[in-house]
Amino acid sequence: QVQLVESGGGLVQPGGSLRLSCAASGFTFSNYAMGWYRQAPGKERELVAGISSDGTSTTYADSVKGRFTISRDNDKTTVYLQMNSLKPEDTAVYYCYAARSWRTYWGQGTQVTVSL
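Note that this is a predicted model, so its numbers are computed, not measured.

Asks: For this particular structure, what's the right way to read the packing of aromatic side chains?
Replies: Each aromatic ring pair is described using two quantities: the centre-to-centre distance and the angle formed by the ring planes. Tallying each qualifying case throughout the model produces seven aromatic pairs. Summarising the aromatic geometry, the rings of Phe 27 and Tyr 105 are spaced 5.3 Å apart at their centres and angled 45° between planes, so their arrangement reads as tilted. In this pair, Phe 27 is assigned in the loop between strand E3 (18-25) and strand E4 (33-39) and Tyr 105 in strand E10 (residues 103-106), connecting sequence segments 78 residues apart. Residue Phe 27 is classed as buried on the basis of its relative accessible area of 15%.

Asks: Explanation requested: the pattern of salt bridges in the structure shown.
Replies: Here the structure, examined in full by the defined rule, presents four salt bridges. Note that Glu 46 and Arg 38 form a salt bridge whose closest N and O atoms lie 2.6 Å from each other. With relative accessibility at 33%, the residue Glu 46 sits in the partly exposed group. Taking relative accessible area as the criterion, Arg 38 reaches 6% and is therefore assigned buried. Put simply, Asp 62 and Lys 65 hold a salt bridge, and the shortest N to O gap is 3.1 Å. By sharing partners, the salt bridges in this structure join Arg 38, Glu 46, Arg 67 and Asp 90 into a single network.

Conventions and cut-offs
Residues numbered from 1 in each chain as written. Predicted model: local features only at pLDDT ≥ 70, side-chain atom pairs only at ≥ 80, totals over all residues. Heavy atoms only, no water. Phe/Tyr/Trp six-rings, centres within 6.5 Å; stacked < 30°, edge-to-face > 60°. Helix = DSSP H or I, 4+ residues; strand = E, 2+ residues; numbered from the N terminus. Buried < 20%, exposed > 50% of the residue type's maximum accessible area, 1.4 Å probe, protein only. Salt bridge = Lys/Arg side-chain N within 4 Å of Asp/Glu carboxyl O.

Here's what the structure looks like:
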């Protein structure tokens, strides 16, 4: 059974940091590209960051470049999203995904709220 379990979300003040984790199981983690999407209320889901299966290639949304860092540990079958200098507009539900060819798995999401 495939599982992607996100953790690390919460409430943080503007300028603060959070580290999201996504623990994966039920598939061959090292064969899948991984990443994070987010969805804010009333908005479409958008790609935040992605990382290749071997961790050598990453991609970021322009809005988070220089502030967010994606990484993965294939031994721990976990992908991370380090979020620094958070802004109110980063408030959203963050979803972890795993993708290979035509197949995509999704996590349940974790809420990130950036507010005073």
